[in-house]
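# Structural description and commentary
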Amino acid sequence: MKLPSGGRLSFAAAIVMSAFALAPACADVVVQIDKSAQRMAVSSDGATRYNWPVSTGRSGYGTPSGVFHPQSMSRHYFSRKYYNSPMPHAIFFYYGFAIHGTNDLARLGGPASHGCVRPHPSHAAALFALVQRNGPRNTRIEIN
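Attention in this report is confined to the structure presented alongside it. (Residues numbered from 1 in each chain as written. Predicted model: local features only at pLDDT ≥ 70, side-chain atom pairs only at ≥ 80, totals over all residues. Heavy atoms only, no water.)

## Examining the overall build of the chain
Regarding its fold elements, the chain presents two helices and eight strands. If you list the helices and strands of the chain from N to C, you get α-β-β-β-β-β-β-β-α-β. Looking at the 144 residues of the chain, the share that counts as buried comes to 37%. Considering only contacts in the chain between residues 6 or more positions apart, those separated by 24 or more positions represent 55%. (Helix = DSSP H or I, 4+ residues; strand = E, 2+ residues; numbered from the N terminus. Buried < 20%, exposed > 50% of the residue type's maximum accessible area, 1.4 Å probe, protein only. Contact = heavy atoms within 4.5 Å.)

Below is the structure:
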């Protein structure tokens, strides 16, 4: 069957539109970390999804401030620098600095790390899944 030229264009447009419908939606993910409040707020497409306590760098081990994007991600990582310490659901954003889960739950909400941002392990897993689903390129990490 031969389609008229207008029909071919409509057919091509329908193919392109169906591809968009099948593609996963990519949302902008913004992770805002407030070091003075020791809190992390996570939003997706402008709507706040999570607000959690975290631990950032203790005295002598500052957490960098600025705007970053995930550089790499690792579900199961162990620190070579700090005694093979577990860093579950690590999202590295600046050299060796990462957002990762911690087992030191009693210290959440206060500075306790060597500079990393440490939420509860289940919160780190939820953030990791959200960033993985939406893509590191669509994720911005703001630390102040």
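## Here we look at the sheet that holds strand β6 (residues 90–94)
Taken together, three strands build an open sheet; the order of strands is β5-β6-β7 and the sheet is antiparallel. What marks the edges here is a single partner per strand, and that holds for β5 (72–74) and β7 (97–99). Each strand of the sheet is rotated relative to its neighbour by a mean of 30°, with strand direction disregarded. Bridge count for β5 against β6 is three bridges, and the pairing is antiparallel. By the bridge assignment for β6, M73 is matched with I91. (Pairing = 2+ DSSP bridges. Axes fitted to C-alpha atoms, helices over the stretch in contact; angles between N-to-C directions.)

## A short note on the sheet that holds strand β3 (residues 47–53)
On the basis of which strands lie adjacent, the open sheet formed by five strands has the order β3-β2-β1-β8-β4 and mixed pairing. The open sheet has two free edges, formed respectively by β3 and β4 (66–68), since each of these has just one partner strand. Taken over all neighbouring pairs, the strand axes of this sheet differ in orientation by 15° on average, direction set aside. In this fold helix α2 (residues 121–134) packs onto β1 (29–34), β2 (39–44), β3 and β8 (139–143), with an angle of close to 145° to the strand it touches most, β3.

## Quick word on the side chain of S79
With respect to the secondary-structure elements, S79 resides in the loop between β5 and β6. Side-chain polar atoms of S79 contact the backbone nitrogen of K81, separated by 3.2 Å. With residues near it in sequence (within four places) discarded, S79 still touches N84, S85 and M87. (Polar contact = N/O pair within 3.5 Å; in protein donor to acceptor, adjacent residues only side chain to side chain.)

## Here we look at the packing of aromatic side chains
This structure, assessed with the given rule, holds six aromatic pairs. Considering the side-chain rings of Y77 and F92, the 5.0 Å spacing of their centres and the 75° angle between planes classify their relative orientation as edge-to-face. With Y77 in the loop between β5 and β6 and F92 in strand β6, this pair connects stretches of sequence that are 15 residues apart. F92 gets classed as buried once you look at its relative accessible area, which sits at 9%. Ring geometry for Y94 versus Y95: centroids 4.7 Å apart, planes at 85°, classification edge-to-face. Following the ring pairs from residue to residue traces out a cluster consisting of F68, F93, Y94, Y95 and F97. (Phe/Tyr/Trp six-rings, centres within 6.5 Å; stacked < 30°, edge-to-face > 60°.)

## Quick look at the pairing of β8
Across the five residues that make up β8, a large majority, four, are buried. As judged from the five bridges shared by β1 and β8, these two strands associate in the parallel manner. Bridge pairing in β8 places V29 opposite T139. Looking at chain direction, β4 and β8 are connected through three bridges and run antiparallel. Residue pairing in the sheet places F68 in a bridge with I141 of β8.

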